[in-house]
Amino acid sequence: MTHDITVSSAHAPAKKRAGLLARFWQWEASGILVALIALMVVLSLATDNFLSTYNMSVVARQAAFVGLVALGQTLVLLVGGIDLSVGAAAGLSAIVGSLLLTMFGVHPYAVIPLTMGFGLCLGFINGFFVAGLRLNPFIVTLATWEIFAGLTMVITKGYPIRPLGETFGVFGKGEILSVPIPVLVFLVSGAVLIWLLTQTRFGRNIFAVGGNRDAAVLVGIRVKFVEFLVFGLAGMFAALAGILFASRMDAGQPSVGEGWLMGAITAAILGGTSLRGGQGSIVGTMLGAMLLTVLANGTVLLNVSGFWQRVIVGGVVLIAVLVDLFRRRG
Amino acid sequence: MTHPIFEARDITKSYGVVHALKGVSIGIGAGEIHAIIGENGAGKSTLMSIFCGKIRPSSGTLHRDGEQVAFARPLDAQRAGISIAPQEINLVPDLTVAENIMLGAHETTGPAIDWRKTRRKALRHLLEIDESIDPASKVHRLSKAQQQLVQIARAAATLARILILDEPTAALTSRETEKLFSYVRRFRAEGGSVFYISHRLGEILELADRITVLRDGAHVGELDPKTTTKDEMVRQMAGRVVGRGNPAPHVGLEAREVVLKVDGLTRHGEFDDVSFELHRGEILGVSGLIGAGRTEVAKCIFGLTQADGGTVELFGERLDARRSPLDCIAKGLVYLPEERKQEGIFPLLSIAENMTMPSLDRFGGLLRMRTADMLREVDGFVERLRIKLGSPADPITSLSGGNQQKVIIGRWLMRNARVLIMDEPTRGIDVAAKFEIQNELRRFTDREGLSIVFISSELEEVLDVSDRIVVMHEGKVKGIPAAAAATQESLLQLAMS
């Protein structure tokens, strides 16, 4: 449970003895972890190559891209919002980043932070309307989704921007200790966000705002600032995913980010994040992103038609929601 | 009493190991008003939910006119002539008053709704209770009190012979309360029966034919309103003699420094030219009916809304007209809202987090939050405020209303608040916890020099706890008498003058 994060570790050892299993089951991401492990066991038995180093790195990299977007989305969901524009923001940022590199000759190493900054600004646009003007996040981000996606087409006229060059390619293709760099970025980002949400005032304020906005105002939390910043971060993580993907593809493709929106929301929900705000966890989202990619990968390896993949994902989400329901009713 | 038209025999209800009801038997006759009293958690609501078919008993039987009945859902109870007007407003805000009253019981011709007939019928039920409510108005336009009355009209519209009214007067002004009472009496005269739940003991003595006391899920006694007293009712509810606060009023307050000075505060349409001074160590009651503008003044002082005129001084320093709650909190002025569930607590968070939320900056370490320090401080306040809890890591919702309120008080003491504006701090809290909180507040003002603005609709409570009382009516301050010299009657007279 979220409220246990900061206080339970030092408290009530008696409770711990009440059973590790029960406590594990209480944890909102427990179901998804079990599901993920089960799925991986099945796939490793049913196929020859699921556990191969190559396949694992493919899966992990895919999970990293959609997972990065999902991290930002989780923050937005936690404050009780939703950001439909993340996929389009990732696409637009990737294009802008690619242009910085090719047209403006910006150093490849500077492109990543600049693109993230650009994504942050895209997110702040959402934040301005949602937090500043108190507009409905669904409507605002539906509009900015169209705007961002449209701008991408205006800029590119539908053609990819390529090549991006060897030096830049290292971010998407490179490995450190045989771990792909995007995967490392994903893991580090997740760790930073876990720290942010559990150990900082800003993080706890996110839970407070999402759990009860009125009360948060009254205890003196800068609610609008929290919401504004969270939308900015969602844009920033989307941009990070987008530019890493461009680096991986060696091209700024206008289609970057398509499909990431649903993936991001699905990953967060699978991980136990509530659409009503105030409840959820980064670990859950990371596992959710893993599960989604493993599922997709599994259907490919098992030669299931790609068309069935979406049916299966939908079914899994429903099952996850049901499991959560039964756990709550305990 | 005549033969009971509705009877519950030996009803129990268990949730796991928790026994909400332990074998309660209770009946009601035709034309009887039967009051049920008890502290929060005594089982009143559970029992009423069983009567209206919302939940099913674990064991025991219900009898209507001597025949055993079982309610699988609320509709079954309605068919048996039992209907409830719950305490919480339970209307569809965007539909009209008329449609809300007839919801699910629309008059139809063939497949289509006959709107004229439906409206006419709704109007009839509405007029019975309050002729001033416009049936064509959307419900969200109504005041809370009017919504409550609409809700009662809706219950009556099911042609109920047995009405369950759960805290019907909680949001009503005295005039509306009178309307409700005369309706209830008319309903009784026509042979209708009413289960009446209220924390307001005075109105129960005035209205009820019989009083049943529940405590910890058990039927502990029956009282006759003609002979019993409020003290006796409280004693039965609490199961012990409750230490009444009756704290001695402070002497020489006028000589002490003024911590909060409100001068000519005005917000058009809400309140007008409100002035008062709060001294160090004082509890300043604010009384008045709902709609007197008390909450509006509190929110304005706290910077949630902006005044059209007037000034607020805190510790001799004039506060910025565009102050935010954050500024006020930083200077030691805090506001505890009226709607604890909606504006006070973070329902998804733990007790410890609810208490420390505004003080988190104090526990920020270099990399980690200093959880151990935080818990030590929380434990300190848990002890000081005598909060009954399992572990501070438990969710706040596991606590009773009284203990939740104490957590919120602890929240601000931890933040070094010096001036507290408390809006209905004991509403919905059971009698014993109420007295405990009153005494606790007294202790804090006496020993630690806190100053409190105490807003309450209950005259009795305001008189008990305050040093002086600001009497408000329709947005104006009518007077600030000393509590020792005032009575409930004098306060009412002052308000109406």
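Small disclaimer: the values here were computed from a predicted structure and weren't measured.

A look at the overall build of chain A
Counting secondary structure elements, chain A contains 16 helices and two strands. Judged by the C-alpha coordinates and their principal axes, chain A covers about 60 × 55 × 35 Å. Of the roughly 14500 Å² of accessible surface on chain A, 70% is carried by carbon and sulfur atoms. Counting 20 positive and 12 negative side-chain charges, chain A places the averaged centre of each group 9 Å from the other.

Some words on the overall build of chain B
From N to C terminus, chain B includes 17 helices and 22 strands. Compactness check: chain B gives a C-alpha radius of gyration of 24 Å against a globular reference of 23 Å for 497 residues, within 12% of the reference. Projected onto its principal axes, the C-alpha positions of chain B cover 70 × 50 × 50 Å. Buried positions account for 54% of the 497 residues belonging to chain B. Accessible surface for chain B amounts to roughly 20900 Å². Of this, 49% is attributable to carbon and sulfur atoms.

Description of a nonpolar patch on the surface
Nonpolar side chains collect at one region of the surface, where A:Val188, A:Val192, A:Trp195, B:Leu366 and B:Leu367 lie side by side and expose about 550 Å² of accessible area between them. In this structure, B:Leu366 sits in the loop between helix H12 (351–356) and helix H13 (371–384).

Brief notes about the sheet that holds strand S21 (residues 468–473) of chain B
Residues and elements named next belong to chain B. On the basis of which strands lie adjacent, the open sheet formed by six strands has the order S18-S19-S20-S15-S21-S22 and mixed pairing. Of all the strands in the sheet, the pair left with one neighbour each is strand S18 (333–336) and strand S22 (476–479). Strand-to-strand, the axes of this sheet are offset by a mean angle of 25°, without reference to chain direction. In terms of strand pairing, strand S15 (residues 283–287) meets strand S20 (residues 451–455) through four bridges, oriented parallel. Opposite Val 286, over in S20, you have Ile 455 as the bridge partner. Along the sheet, helix H17 (residues 488–496) makes contact with S21 and S22, crossing S21 at roughly 40°.

Focus on the sheet that holds strand S16 (residues 309–314) of chain B
Residue and element names in this part refer to chain B. Spatially, four strands are ordered S14-S13-S16-S17 in an open sheet, and the strand pairing comes out antiparallel. For this open sheet the edge positions go to strand S14 (271–279) and strand S17 (317–318), each flanked by a neighbour on one side alone. Bridge analysis of strand S13 (residues 258–267) against S14 gives six bridges, and the strand direction is antiparallel. Within S14, the residue paired with Val 258 across the bridge is His 279. In the packing of helix H9 (residues 294–301) onto the sheet, contacts are made with S13, S14 and S16, and the angle to S14 comes to roughly 70°.

Let's talk about the packing of helix H6 (residues 86–102) of chain A against helix H8 (residues 137–156) of chain A
To describe two helices that pack against each other, one gives the angle between their axes and the distance between the axes. Residues and elements named next belong to chain A. Interhelical geometry of H6 versus H8 gives an angle of 30° and a closest axis separation of 8 Å. On the basis of their axis angle, the class for H6 and H8 is roughly parallel. The hand of the H6/H8 crossing is left-handed. Along its contact with H6, which presents Ala 88, Ala 89, Gly 91, Leu 92, Ile 95 and Leu 99, the element H8 presents Trp 145, Phe 148, Ala 149, Leu 151, Thr 152, Ile 155 and Thr 156. When grouped by side-chain class, the residues that make up the contact of H6 with H8 number ten nonpolar, three polar and no charged.

A closer look at the pairing of strand S19 (residues 419–423) of chain B
Along any regular strand the residues' side chains alternate between the sheet's two faces. Residue and element names in this part refer to chain B. Along S19, five of the five residues are buried, which leaves the element largely enclosed by surrounding structure. Pairing of S19 with S20, which is carried by five bridges, proceeds in the parallel orientation. Within S20, the position partnered with Met 422 by the bridge is Phe 454.

With respect to the side chain of B:Gln147
All names here are of chain B. In this fold, Gln 147 is placed in helix H5 (residues 144–157). On the basis of relative accessible area, Gln 147 is assigned to the buried category, the value being 13%. Not counting residues up to four positions away in its chain, the partners in contact with Gln 147 are Ile 89, Leu 91, Val 139, His 140 and Leu 142.

Topic: the domain arrangement of chain B
Quite often, the size of an interface is put as the accessible area lost when its parts meet. Residues and elements named next belong to chain B. Looking at chain B, the domain boundaries give domain 1 (4–238) and domain 2 (253–496). Taken together, the ten residues of domain 1 in the interface contact eleven residues of domain 2. A combined buried area of about 950 Å² lies between domain 1 and domain 2, and 55% of that area is made up of carbon and sulfur atoms. Our count for the domain 1 to domain 2 interface comes out at one salt bridge. Put simply, Lys 230 and Glu 460 hold a salt bridge, and the shortest N to O gap is 3.8 Å. Linking domain 1 with domain 2 are zero residue pairs in polar contact (both at pLDDT 80 or more), by the criterion used here. The leading source of residues in the side of domain 1 that touches domain 2 is helix H8 (residues 230–238), at three residues. Across the side of domain 1 that touches domain 2, the residue classes tally to four nonpolar, three polar and three charged.

Rules used in this analysis
Residues numbered from 1 in each chain as written. Chains lettered and ligands numbered in written order. Predicted model: local features only at pLDDT ≥ 70, side-chain atom pairs only at ≥ 80, totals over all residues. Heavy atoms only, no water. Helix = DSSP H or I, 4+ residues; strand = E, 2+ residues; numbered from the N terminus. Areas by Shrake-Rupley, 256 points an atom, 1.4 Å probe, with all protein chains shown as cover. Lys, Arg positive; Asp, Glu negative; His and termini not counted. Charge placed at Lys NZ, Arg CZ, Asp CG, Glu CD. Rg over C-alpha atoms; globule rule 2.2 N^0.38 Å. Buried < 20%, exposed > 50% of the residue type's maximum accessible area, 1.4 Å probe, protein only. Patch = residues over 30% accessible without salt bridge, like charges linked within 9 Å, V, L, I, M, F, W, Y side chains within 5 Å. Salt bridge = Lys/Arg side-chain N within 4 Å of Asp/Glu carboxyl O. Pairing = 2+ DSSP bridges. Axes fitted to C-alpha atoms, helices over the stretch in contact; angles between N-to-C directions. Contact = heavy atoms within 4.5 Å. Parallel < 35°, antiparallel > 145°, perpendicular 65-115°, else oblique. Left-handed = near helix turned anticlockwise from the far one by under 90°. Nonpolar A, V, L, I, M, F, W, Y, C, P; charged D, E, K, R; others polar. Domains from an automatic or database assignment. Buried area = accessible area lost by both parts, 1.4 Å probe. Polar contact = N/O pair within 3.5 Å; in protein donor to acceptor, adjacent residues only side chain to side chain.

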